[in-house]
Amino acid sequence: AQSVSQHNHHVILSEAASLELGCNYSYGGTVNLFWYVQYPGQHLQLLLKYFSGDPLVKGIKGFEAEFIKSKFSFNLRKPSVQWSDTAEYFCAVKENTGFQKLVFGTGTRLLVSP
Amino acid sequence: DAMVIQNPRYQVTQFGKPVTLSCSQTLNHNVMYWYQQKSSQAPKLLFHYYDKDFNNEADTPDNFQSRRPNTSFCFLDIRSPGLGDAAMYLCATSRDGLSGGVLDTQYFGPGTRLTVL
């Protein structure tokens, strides 16, 4: 079965530090890849997504992610975090064959200290 | 703004007392999903509707049922809630689920936090 691994469960950074959150998946076929963010008390929001084309995907709020097929990875990056980026971040993967469910990683809680 | 709406945001029920959670969407999407998310865990898909076709996940307990009376609304019924059913319940929609492209992107509602006493 498809699985998604997020290596860091909790990350603490100071403002202006750079961020990289890891995401690896297990499926060997064609996949669609997503990063969702959940701010405290709010719903899951789509940060960015990859379906095809340029493996470097830019999302909202200065986030980007790079799809490296050979490493089955889709890491999320931001060059300079802000206090307002404090949230939980979920990587999600969907096999690109017919109807397949979206499989989420367990999430990474990011705390940015001012 | 078009969106996914869930009511109520917080629901308290008693052990064994049936409860219904509701979801509505103004996106006119074909697919509606229900997820269960427990604390510090990933959202877990319970079932989805593709138009009127109901699709249950193999490991979803029989205690959980769903109804979709029309395109806009979908309900989650928990027939006899147990303490282990306390969780956040998320509704999501997507335009499609088969195309493998941008139409598969899921949009989530704010969730309903269920407490079972």
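All of the points below concern the structure found in this document. (Residues numbered from 1 in each chain as written. Chains lettered and ligands numbered in written order. Predicted model: local features only at pLDDT ≥ 70, side-chain atom pairs only at ≥ 80, totals over all residues. Heavy atoms only, no water.)

1. Concerning the overall build of chain A
What chain A contains, in helices and strands, is 0 helices and 12 strands. For chain A, the N- to C-terminal ordering of α and β elements is β-β-β-β-β-β-β-β-β-β-β-β. Taken over C-alpha atoms, the radius of gyration comes to 14 Å for chain A, in line with the 13 Å a tight globule of 114 residues would show. Based on the C-alpha atoms only, the size of chain A along its principal axes is roughly 45 × 25 × 20 Å. For chain A, the proportion of its 114 residues judged to be buried stands at 49%. Considering only contacts in chain A between residues 6 or more positions apart, those separated by 24 or more positions represent 55%. Total accessible area on chain A is roughly 5,200 Å²; 54% of this is exposed by carbon and sulfur atoms. Separation of charge centres in chain A, based on 10 positive and 8 negative side chains, amounts to 6 Å. (Helix = DSSP H or I, 4+ residues; strand = E, 2+ residues; numbered from the N terminus. Rg over C-alpha atoms; globule rule 2.2 N^0.38 Å. Buried < 20%, exposed > 50% of the residue type's maximum accessible area, 1.4 Å probe, protein only. Contact = heavy atoms within 4.5 Å. Areas by Shrake-Rupley, 256 points an atom, 1.4 Å probe, with all protein chains shown as cover. Lys, Arg positive; Asp, Glu negative; His and termini not counted. Charge placed at Lys NZ, Arg CZ, Asp CG, Glu CD.)

2. Let's talk about the interface of chain B and chain A
Across the boundary between the two partners, chain B contributes 26 residues, which contact 22 residues of chain A. Both sides together, the interface formed by chain B and chain A hides about 1,800 Å², and carbon and sulfur atoms give 59% of it. At the junction of chain B with chain A, the criterion picks out 1 salt bridge. Lys101(A) is the salt-bridge partner of Glu57(B), the closest N and O atoms lying 3.0 Å from each other. Applying the counting criterion to the chain B and chain A interface returns 3 residue pairs in polar contact (both at pLDDT 80 or more). Residue assignment for the side of chain B that touches chain A shows that the elements contributing at least two residues are strand 4 (31-37), strand 5 (44-50) and strand 10 (107-108) of chain B. In terms of residue count, the dominant contributor to the side of chain B that touches chain A is strand 4 of chain B (4 residues). Across the side of chain B that touches chain A, the residue classes break down as 12 nonpolar, 11 polar and 3 charged. (Buried area = accessible area lost by both parts, 1.4 Å probe. Salt bridge = Lys/Arg side-chain N within 4 Å of Asp/Glu carboxyl O. Polar contact = N/O pair within 3.5 Å; in protein donor to acceptor, adjacent residues only side chain to side chain. Nonpolar A, V, L, I, M, F, W, Y, C, P; charged D, E, K, R; others polar.)

3. Regarding the layout of surface pockets
In this model, the largest pocket occupies a volume close to 520 Å³. Contributing to the lining of the largest pocket are 28 residues, with Gln38(A), Gly41(A), Glu88(A), Arg109(A) and Arg113(B) lying nearest its centre. Sorting the residues of the lining of the largest pocket by element identifies strand 2 (10-14), strand 10 (87-95) and strand 12 (108-113) of chain A together with strand 9 (87-94) of chain B as the ones contributing at least two each. Its residues placed into classes, the lining of the largest pocket shows 13 nonpolar, 10 polar and 5 charged. (1 Å grid on protein atoms, 1.4 Å probe; cavity = no way out; pocket = protein on both sides within 12 Å on 5 of 7 lines; lining within 4 Å. Points joined across faces, edges and corners; volume = space filled by probe spheres on them.)

4. A closer look at the sheet that holds strand 3 (residues 19-25) of chain B
Sheets are built from strands that pair by backbone hydrogen bonding, the pairs being arranged parallel or antiparallel. Residues and elements named next belong to chain B. Read across the sheet, 4 strands follow the order 1-3-8-7 without closing on themselves; strand pairing throughout is antiparallel. Both outer strands of the open sheet, strand 1 (4-7) and strand 7 (64-67), are each paired with one neighbouring strand and no more. On average, adjacent strands in this sheet sit at an angle of 20° to one another, irrespective of strand direction. Inspection of the sheet shows strand 3 paired to strand 8 (residues 73-78) by 6 bridges, in the antiparallel sense. Residue pairing across strands places Leu21 opposite Leu76, the latter belonging to strand 8. (Pairing = 2+ DSSP bridges. Axes fitted to C-alpha atoms, helices over the stretch in contact; angles between N-to-C directions.)

5. Overview of the nonpolar core
Here is a general trend for soluble globular proteins: nonpolar side chains tend to be buried in one another's company. One finds Leu33(A), Trp35(A), Leu47(A), Leu48(A), Phe74(A), Leu76(A) and Tyr89(A) to be the most contacted residues of the largest nonpolar core, which totals 29 residues. Sorting the residues of this core by element identifies strand 2, strand 3 (19-21), strand 5 (31-38), strand 6 (45-50), strand 8 (64-68), strand 9 (73-78), strand 10 and strand 12 of chain A as the ones contributing at least two each. The next biggest cluster of nonpolar side chains, apart from the first, holds 19 residues, and it includes Leu44(A), Leu102(A), Ala92(B) and Phe108(B). (Core = buried A, V, L, I, M, F, W, Y, C linked by side-chain atoms within 4.5 Å.)

6. So, the pattern of salt bridges
Residues and elements named next belong to chain A. Applying the stated criterion to the full structure yields 8 salt bridges over all chains. Taking the shortest distance from any N to any O, the salt bridge between Arg77 and Glu64 comes out at 3.4 Å. In this pair, Arg77 is assigned in strand 9 and Glu64 in strand 8, connecting sequence segments 13 residues apart. Among the salt bridges present, the one from Arg109 reaches Glu88, with a minimum N-O distance of 3.6 Å. Residue Arg109 is located in strand 12, and its partner Glu88 is located in strand 10; the two are separated by 21 residues in the primary sequence. Look at Arg109 and you get partly exposed, because its relative accessible area is 37%. It is possible to trace a salt-bridge network through shared partners that takes in Lys58, Glu64, Glu66 and Arg77.

Spatial relationships are all this shows, so hold off on functional conclusions.
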